[in-house]
Amino acid sequence: MTLIDSLRSEARLAPESGIVAVANYGRGREGLIPLWAGEGDLPTPSFISDAAARGLSAGETFYTWQRGIPELRVALARYHERHFGRSFSDQEFLVTGGGMQAIQLALQATAGAGDEVIYLTPAWPNFPGAAGVAGAKPVAVRLDQSDNGWTCDVGKIEAAVTERTTAIFLNSPSNPTGWTADIETLKAILDLARRKNLWIIADEIYALFYYGGARAPSFMDIMEDEDRVLFVNTFSKNWAMTGWRIGWLRVHPSLQQTFENLIQYSTSGVAQFMQRGAIAALEHGDEFLASQIERARQARDLVCGILGETGRARIIAPQGAFYLFFSVDGIDDSRSAAFEIVDKANVGLAPGTAFGEGGEAFFRLCFHRRLDQLEEAATRLAGWIRST
């Protein structure tokens, strides 16, 4: 038996990221415009970094509150009050090592060996990957796609529920499609979860990157206090903090100690000086965030316009998030095409094959970058499309 054969099957069979495979192939090429990762091109603003640096200089390098320092949890409550129009308690929030750890903790609390968790696909691959590592079975339900956009048939979700189902994972606005659940869809999913005694893991990290209003519809608009909904979120996208690895969970206050215990047995908390930067993001970052959302809106329209002029790119302008998920007539295998695009157009895209069922013929382009660079990238891509 080899070393790898002696590992747990859940670890051994964890899939390699199809996004990273293309990124590793193109990384370091001179002049390449990388649009494969889900992040913007700006470094963290100085008002956030300086707050963290002050905490570091003040010696905030010791063990701290595992659920997050009180000041940050209060700031999270105030942030939600501004955007959701009602009061929140600091006892609803826990600070995590990024949105990914928030998802892992939600899975640890709701699913394990033999359980099934439903998610919508095409999907960010980290969720089904994390579910599999946890020992649960991720069950994909495909979004419907037409010339009018992506839609969710809640009846398909209900048909996928079995006696082993424990949770539904919902990412809205969606990575990679940009699909955003309307309030009626959220009500139908919540009703299903109530009837079947299921948990909902709500990934609403792109809620403010929404092009149909001030923010996307949320389960917070319709749920009751005792509903089984766990919210996972991150500082990464809103405030250019992807490398910080800091996020949060919103849970019912009665679940605080349970989730603190899970944090204890994984990371034992987030560095206090980093939490100082997170407080600054929440308390002073609304203007920066608004400018980023408007830039993303302009970038979306720019890229859709240039690629649409080719006549071969099939484009659905996303309702939310900052990705264009598009296909090209005659291209069925986006993985091999993504490598070719690196070679011939010097642009990096994420292949749709990385996002599961229904994504095979698509490419994901992150347009959360400055407009002149996106115009150049889209022009190169349009040239490649016309030449194929």
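As shown above, the structure is provided for reference.
All values reported here derive from a predicted model rather than from experimental measurement.

Draft legend 1. Just the overall build of the chain, in detail. When you go through the chain residue by residue, the secondary structure sums to 13 helices and 15 strands. In terms of overall size, the chain behaves like a compact globule, its C-alpha atoms giving a radius of gyration of 21 Å where 388 residues would be expected to give roughly 21 Å. Along the longest, intermediate and shortest principal axes, the C-alpha atoms of the chain span 60 × 55 × 50 Å. Within the chain, the fraction of its 388 residues that count as buried is 55%.

Draft legend 2. Here's a closer look at empty space enclosed by the protein. According to the stated counting rule, one finds three cavities of 30 Å³ or more in the structure shown. Its volume calculated, the largest cavity comes out at about 140 Å³. For the largest cavity, the lining is made up of 14 residues, of which Phe-84, Glu-204, Ala-207, Asn-233 and Trp-248 are closest to its centre. Secondary structure elements with two or more residues in the lining of the largest cavity: helix H4 (70–84), strand E9 (229–234) and strand E10 (247–250). For the lining of the largest cavity, a count of residues per class yields nine nonpolar, three polar and two charged. Within this model, the second largest cavity holds a volume of roughly 100 Å³. With three residues, strand E7 (residues 165–171) is the single largest residue contributor to the lining of the second largest cavity.

Draft legend 3. Main features of the side chain of Ser-236. Inspection of the secondary structure assignment puts Ser-236 in the loop between E9 and E10. With relative accessibility at 4%, the residue Ser-236 sits in the buried group. At 2.9 Å, the side chain of Ser-236 forms a polar contact with the side chain of Thr-234. Side chain to side chain, Ser-236 and Arg-245 meet in a polar contact 3.4 Å long. Those residues in contact with Ser-236 that sit more than four places away from it in its chain are Met-241, Thr-242, Arg-245 and Ile-246.

Draft legend 4. Region of interest: helix H9 (residues 256–264). When H9 is considered as a whole, its buried residues turn out to be Gln-256, Phe-259, Glu-260 and Ile-263. Axial view of H9: buried residues confined to an arc of 105°, hence all on one face. Among the structural elements, strand E2 (93–96), helix H5 (98–110), E9 and E10 are those in contact with the buried residues of H9.

Draft legend 5. Examining the packing of aromatic side chains more closely. This structure, assessed with the given rule, holds 19 aromatic pairs. Through pairs of rings, three or more aromatic residues link up here, namely Tyr-79, Phe-235, Trp-239 and Trp-248. We note Arg-29 situated over the ring of Tyr-25; from NZ or CZ to the ring centre the distance is 4.6 Å. Cation over ring: Arg-300 sits above Tyr-211, and NZ or CZ is 4.6 Å from the ring centre.

Draft legend 6. Focus on the pairing of E9. Burial within E9 is extensive, with six of its six residues counted as buried. Residues of E9 alternate between two faces, with Val-229, Phe-231 and Asn-233 on one and Leu-230, Val-232 and Thr-234 on the opposite face, all of them buried. As paired elements, strand E8 (residues 199–203) and E9 share four bridges and run parallel to each other. Across the sheet, residue Ile-201 finds its bridge partner in E9, namely Leu-230. Judged from the four bridges that link them, E9 and E10 form a sheet pairing that is antiparallel. Note that in E10 the partner of Thr-234 across the bridge is Gly-247.

Draft legend 7. Local environment of unusual backbone geometry. The linkage connecting Thr-121 with the following residue, Pro-122, adopts the cis geometry, with an omega of 5°. Positionally, Pro-122 belongs in the loop between strand E3 (116–121) and helix H6 (126–133). Backbone torsion omega between Ser-172 and Pro-173 reads -10°, so that peptide bond is classified as cis. Following the sequence through the fold, Pro-173 ends up in the loop between E7 and helix H8 (183–196). Positive phi, close to 55°, is recorded for Arg-245, a residue that is not glycine. Along the chain, the position of Arg-245 falls in the loop between E9 and E10. Even without glycine at this site, Asn-346 takes up a positive phi of about 60°. Within the secondary structure, Asn-346 is located in the loop between helix H12 (334–345) and strand E13 (347–348).

Draft legend 8. Here's a closer look at the pairing of strand E15 (residues 362–366). Most of E15 sits out of view: five of its five residues are buried. Burial of E15 is two-sided: the residues Phe-362, Arg-364 and Cys-366 facing one way and the residues Phe-363 and Leu-365 facing the other way are all buried.

Reading guide: rules and limits
Residues numbered from 1 in each chain as written. Predicted model: local features only at pLDDT ≥ 70, side-chain atom pairs only at ≥ 80, totals over all residues. Heavy atoms only, no water. Helix = DSSP H or I, 4+ residues; strand = E, 2+ residues; numbered from the N terminus. Rg over C-alpha atoms; globule rule 2.2 N^0.38 Å. Buried < 20%, exposed > 50% of the residue type's maximum accessible area, 1.4 Å probe, protein only. 1 Å grid on protein atoms, 1.4 Å probe; cavity = no way out; pocket = protein on both sides within 12 Å on 5 of 7 lines; lining within 4 Å. Points joined across faces, edges and corners; volume = space filled by probe spheres on them. Nonpolar A, V, L, I, M, F, W, Y, C, P; charged D, E, K, R; others polar. Polar contact = N/O pair within 3.5 Å; in protein donor to acceptor, adjacent residues only side chain to side chain. Contact = heavy atoms within 4.5 Å. Arc of directions from axis to C-beta. Phe/Tyr/Trp six-rings, centres within 6.5 Å; stacked < 30°, edge-to-face > 60°. Lys NZ or Arg CZ within 6 Å of the ring centre and 35° of its normal. Pairing = 2+ DSSP bridges.

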